[in-house]
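# Analysis of the macromolecular model
So the chains spell out like this:
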Amino acid sequence: MMFSSLLSLAAAFLPLIAAQTVTYEAESGSLNGVTKGTSVSGYSGSGYVEGFDASSDAVTISISSSSQKLYDLQIVYSAPYGEKTTSVVLNGSGASNVVLTATDSWATISAGQVLLNSGTNTIAIQSNWGYYLIDAIKLTPSAARPAHGVTSALVNSNASNSAKKLMSFLVKNYGTHMLSGQQDPTSLKWVESNVGKTPAIIGLDMIEYSPSRVEHGSTSTAVEDAIAFAKRGGIVTFVWHWNAPSGLMDTEGHEWWRGFYTDSVTFDVSAAMADTSNSNYQLLVRDIDAIAVQLKKLQAADIPILWRPLHEADGAWFWWGAKGAAPCIKLWKLMYDRLTNYHGINNLVWVWNSVSADWYPGDATVDVLSYDSYPTAGDHGPVSSQYNALYALGKDKKLIAATEVGSIPDPKLLQVYEADWSWFVTWNGEFVDGGSHNTLAYLKEVYNSEYVLNLDEIQGWNS
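In what follows, the accompanying structure is described. (Residues numbered from 1 in each chain as written. Predicted model: local features only at pLDDT ≥ 70, side-chain atom pairs only at ≥ 80, totals over all residues. Heavy atoms only, no water.)

On to the overall build of the chain. Scanning the chain from N- to C-terminus turns up twelve helices and 21 strands. In terms of C-alpha radius of gyration, the chain reaches 24 Å, essentially the compact-globule figure of 23 Å for 463 residues. With respect to the three principal axes, the spread of C-alpha positions in the chain is 70 × 55 × 50 Å. Here the chain holds 463 residues, and 51% of them are scored as buried. (Helix = DSSP H or I, 4+ residues; strand = E, 2+ residues; numbered from the N terminus. Rg over C-alpha atoms; globule rule 2.2 N^0.38 Å. Buried < 20%, exposed > 50% of the residue type's maximum accessible area, 1.4 Å probe, protein only.)

Pasting the structure below:
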């Protein structure tokens, strides 16, 4: 009798739980440049929205909320013409990009989170990379994120003490603070002079150490810049815009110094990684060995590095991602093995930089997951869709960072959305000093936020 009563009580609560998710039919929204369709079966409601072909095409859905509240957003869609990207615009400002995986049927995909204000709100699904169908959106109240399960253990069992201390420091602050960062010494000095604060992290590039650039006379002081900033108590991160080992077109618009771009090289990473005997494979090893020389200088100075090679691979605009995930993953594993096991470089914290699960090299060679965020200039949204995707990819066992940003995410929104980016690095030049991606007033607000840690606030992290 008691068991029966409990079943009845549980059944009574099921509708309440289900009712927490509310579906809003796209065809009931305000249509701009798009139309209602019915020819593709399987949709909900009375139809779906199609015709996303111009950049301004959008469907806007009005939603009322009794209070300010955070919701998980899902999109019900079909993408019969291949993988596409849509933009989610909340209350007329900002845009969060969502990748729609190719599918001929109707599928439901997470689109991050939205913070609804008390009263009437709007959610627009805007074209971006169009030619897809939108059936509906779904909103579910966001559950509080549990305590993080990230540990400070590094994938390299022989990691240096300084690398371990760096990882421990980052993990200690994960979810409670975000470290500030700036790419390039010149732009960092601009921040110091104009914002009045010094970033905790300097971003540097191994680009000019690439052998095919050295052959053209390139030189670099990046290693010396890293040592100088580390002496100030700062943290160093390196990316590598790897000029292709061979196949530089070196024609107008495709000059040799653009040799990391897919459109400026004939180098085929898939063919190079097909076997270890071909000449291009040997050139890849040669290049990795050249960078090892520089990394060993940093190891000798006992400077741990947040090391982020093969970045933005799934974008395919760089040659290492141009032939798909499989050869890129092989190249990542080759680099990890060559630097770690052959060269004995143990001061690296390995940072992977693609969101897609299909591109992930695996937990055994990755310490940190990351994303490079370049939204519309002045959009300081939390980039929660990508954060949540990385959170799921790493099963909350990997630290997550915003390794390049155009417009810096708003620290206030990050805390509301629980998008716990470990650090950010603003890209150089106009992204920091141009005034459109980040105004000076906004930069001062970010750098003076209690949530953000700057150089003066991390002193002694490695003691």
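Turning our eyes to something else, we now look at the nonpolar core. Grouped burial of nonpolar side chains is what soluble globular proteins tend to show. W307 and W423 are the most contacted members of the largest nonpolar core, which has 132 residues in total. With nine residues, helix 8 (residues 325–342) is the single largest residue contributor to this core. Among residues more than four places away in sequence, those in contact with W307 are M206, F238, W240, I291, L295, M335, L339, L348, V349, W350 and V351. (Core = buried A, V, L, I, M, F, W, Y, C linked by side-chain atoms within 4.5 Å. Contact = heavy atoms within 4.5 Å.)

It is worth spelling out the pattern of salt bridges at this point. Tallied over the entire structure, the rule returns ten salt bridges. Between R286 and E215 there is a salt bridge, with its nearest N and O atoms 3.6 Å apart. Taken as a pair, R286 in helix 7 (residues 279–300) and E215 in the loop between helix 4 (211–214) and helix 5 (222–231) lie far apart in primary sequence, 71 residues in all. A salt bridge links K412 to E445; the nearest nitrogen and oxygen atoms lie 2.6 Å apart. Of this pair, K412 sits in helix 10 (residues 411–417) while E445 sits in helix 12 (residues 440–447), placing them 33 residues apart in sequence. For E445, a relative accessible area of 40% corresponds to the partly exposed category. It is possible to trace a salt-bridge network through shared partners that takes in E215, R286 and D287. (Salt bridge = Lys/Arg side-chain N within 4 Å of Asp/Glu carboxyl O.)

Another point: the side chain of N156. Within the fold, N156 resides in the loop between strand 11 (133–141) and helix 2 (161–173). Within the local environment of N156, its side chain forms a polar contact with the side chain of N346, the two groups lying 2.9 Å apart. (Polar contact = N/O pair within 3.5 Å; in protein donor to acceptor, adjacent residues only side chain to side chain.)

A few words now on helix 12. Because an α-helix completes one turn every 3.6 residues, residues spaced three or four positions apart along the sequence face the same direction. For helix 12, the full list of buried residues reads Y442, L443, V446 and Y447. Taken around the axis of helix 12, the buried residues stretch over an arc of 130°, which confines them to a single face. Looking at the packing, one finds that the buried side of helix 12 touches strand 13 (181–183), helix 3 (185–195), helix 10, strand 20 (424–426), helix 11 (430–433) and strand 21 (452–453). (Arc of directions from axis to C-beta.)

Before going further, it helps to examine the pairing of strand 8 (residues 93–100). Pairing between strand 7 (residues 84–90) and strand 8: six bridges, direction antiparallel. The residue bridging L90 from the neighbouring strand is S93, located in strand 8. Between strand 7 and strand 8, which pair antiparallel and follow one another directly, the connecting turn spans two residues, one of which, N91, has a positive phi of 50°. (Pairing = 2+ DSSP bridges.)

Checked against the element boundaries, D205 lands in strand 14 (residues 201–205). Nearest to the buried, unbridged D205 among oppositely charged side chains is R308, at 7.7 Å. Among the polar contacts made by the side chain of D205, one reaches the main-chain amide nitrogen of I207 at a distance of 2.9 Å. A distance of 2.6 Å separates the side chain of D205 from the side chain of H241, its partner in a polar contact. (Lys, Arg positive; Asp, Glu negative; His and termini not counted.)

Right, let's talk about the packing of aromatic side chains for a bit. Counting across every chain of the model gives 19 aromatic pairs. With a centroid separation of 5.2 Å and an interplanar angle of 55°, the aromatic rings of Y48 and W106 are classed as tilted. Taken together, the residues span a long stretch of sequence, with Y48 in strand 4 (residues 48–50) and W106 in strand 9 (residues 103–116) at a distance of 58 residues. With respect to class, Y48 is no different from W106; both count as buried. Clustering of aromatic rings is evident, with ring pairs tying together W240, W242, F260, Y261, F267, F318, W319 and W320. Residue placement shows R145 over the ring face of Y391; its charged tip is 4.5 Å from the ring centre. Residue placement shows R338 over the ring face of Y342; its charged tip is 3.7 Å from the ring centre. (Phe/Tyr/Trp six-rings, centres within 6.5 Å; stacked < 30°, edge-to-face > 60°. Lys NZ or Arg CZ within 6 Å of the ring centre and 35° of its normal.)

Another point: the packing of helix 3 against helix 12. It is at 10 Å that the axes of helix 3 and helix 12 come closest, and there the two elements cross at 90°. On the basis of their axis angle, the class for helix 3 and helix 12 is roughly perpendicular. Of helix 12, the residues touching helix 3 (which contributes W190, V191, N194 and V195) are L440, L443, K444 and Y447. In terms of residue class, the contact of helix 3 with helix 12 is built from six nonpolar, one polar and one charged. (Axes fitted to C-alpha atoms, helices over the stretch in contact; angles between N-to-C directions. Parallel < 35°, antiparallel > 145°, perpendicular 65-115°, else oblique. Nonpolar A, V, L, I, M, F, W, Y, C, P; charged D, E, K, R; others polar.)

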